[in-house]
Each structure stands twice: as structure tokens, then as C-alpha cells.
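Residues per chain are reported as follows:
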Amino acid sequence: MHHPPIDPAWIAAVVREVIERLSSSDSMVTEKVISVRTIEKAFANTRKEIAVGPNAIITPAARDEAKRLGVTIRKAGQITKQTQPTSIAITDRKNPERAIMITEQLKRRGIKGQATIVLSEKPSSEVFRLISETKQRVAMVSSVSSVDRIKKELSPEVWVIDMNEVNLIAAVNIAARIA
């Protein structure tokens, strides 16, 4: 299949826009140490949930303050066992910003649904880890065309997208098909 060349100026403009949106987004706290001040700042901005990096250190005082204020702290890439997801939850332990970008694209497209999706460069390891930790049905997918077949055969509770095989656009399309 032949693809037309992509304009480098257009790509640069898209990258600049994504970086600008991510830097202005308050959807993820990028601090390495989560303190009481971090929680108070989130609460002051009327946030009831904050996502932190997978390697962030959360101080005991911050956990206590979050509990007192009713703020939920969620580590990016963390999956909790759910019987039924209430929305599209996309995580990426290695690159949380990528998960945010895909989530934003789904919102822009008006895609709604229920799904738990994990993006990974090590999808087989991720599937094994998720099955071991959550005891859920987990399936790996690397193309839009295989989503319906896997959904019919397995009815997965968690989907792992193989990011070695797809680019961001394909990942968004796969996530949309899953939802």
C-alpha cells in the first residue's frame, strides 16, 4: 500500500499544538514527590482526582490530606480491578502523556463507551502482569481489523494495544473501535 508523503511543516504544527495542550493541561501532576501542598493545590482547583507519574513518591502526609479532602490519587498506568468500567480508561506505564493524547483524541471525536485500555511496548509482558494482578480477561491487539474478532471470541475486560506495531493514529482508531 502506497501512502502519500506527509508535509513536515504540518507535522511540526501538530506536535507544537500537542505539546502546548499537554503543558497547559492539568490532568496529570508531573511532580516527582507528591506532598500536602500538591494535594491542597489540586483541591483548590476543585479537582477530586489527580493522576501522578508511575514513579512518583506520595508522602504519608499527602495521603492523609487527600483522604481528609476527598481527593483520589491515581498513579498513571495503575489498573484496578473493576467489574464494569464506567468510561474509556487509557493508561501507559512508560509514557503517560501518550495515554492522555489518545484520550483527548477520543474526546474530540465524541467517542464514548466503556473500556480499559493499556498501551505498551511490551504487550505480552503487560498481558501476563495484568492477568496475574487483576485476574481479568486481557487481550492484546495490534490492528483495528482484529478488534471485533477478539471481542467476540474473548470479551476482554482489559485491552493491551501493542505500540510496537501501531502509531498514535492507529492506536486512537483501535481504541475507538474497542469503545
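Residues numbered from 1 in each chain as written. Predicted model: local features only at pLDDT ≥ 70, side-chain atom pairs only at ≥ 80, totals over all residues. Heavy atoms only, no water.

Draft legend 1. Broad picture of the nonpolar core. Counting 22 residues, the largest nonpolar core has I90, I117 and I161 as the members making the most contacts within it. Elements with a minimum of two residues in this core: β6 (88-91), α4 (96-109), β7 (115-120), β8 (138-141), α6 (147-154), β9 (158-162) and α7 (168-178). Residue contacts for I117: discarding those within four places in its chain leaves I88, A89, I90, T91, W159, I161, A175 and I178. (Core = buried A, V, L, I, M, F, W, Y, C linked by side-chain atoms within 4.5 Å. Buried < 20%, exposed > 50% of the residue type's maximum accessible area, 1.4 Å probe, protein only. Helix = DSSP H or I, 4+ residues; strand = E, 2+ residues; numbered from the N terminus. Contact = heavy atoms within 4.5 Å.)

Draft legend 2. Representation of a nonpolar patch on the surface in the model. Together, W10, I11, V14 and V15 line one region of the surface with nonpolar side chains, adding up to about 350 Å² of accessible area. On the secondary structure map, V14 appears in helix α1 (residues 8-24). (Patch = residues over 30% accessible without salt bridge, like charges linked within 9 Å, V, L, I, M, F, W, Y side chains within 5 Å. Areas by Shrake-Rupley, 256 points an atom, 1.4 Å probe, with all protein chains shown as cover. Salt bridge = Lys/Arg side-chain N within 4 Å of Asp/Glu carboxyl O.)

Draft legend 3. Structural view of helix α5 (residues 123-134). With 12 residues, α5 extends 16 Å between its outermost C-alpha atoms, agreeing within 8% with the 16 Å of an ideal straight helix rising 1.5 Å per residue. Within α5, the full set of buried residues consists of P123, E126, V127, R129, L130 and T134. All buried residues of α5 fall inside an arc of 165° around its axis, so they share one side. Away from its buried face, by an angle of more than 90 degrees, α5 presents the exposed residues S124 and F128. At its buried positions, α5 is contacted by β7, β8 and β9. The positive-phi residue at the C-terminal boundary of α5 is K135, with phi of around 60°. (Expected span 1.5 Å × (residues − 1). Arc of directions from axis to C-beta.)

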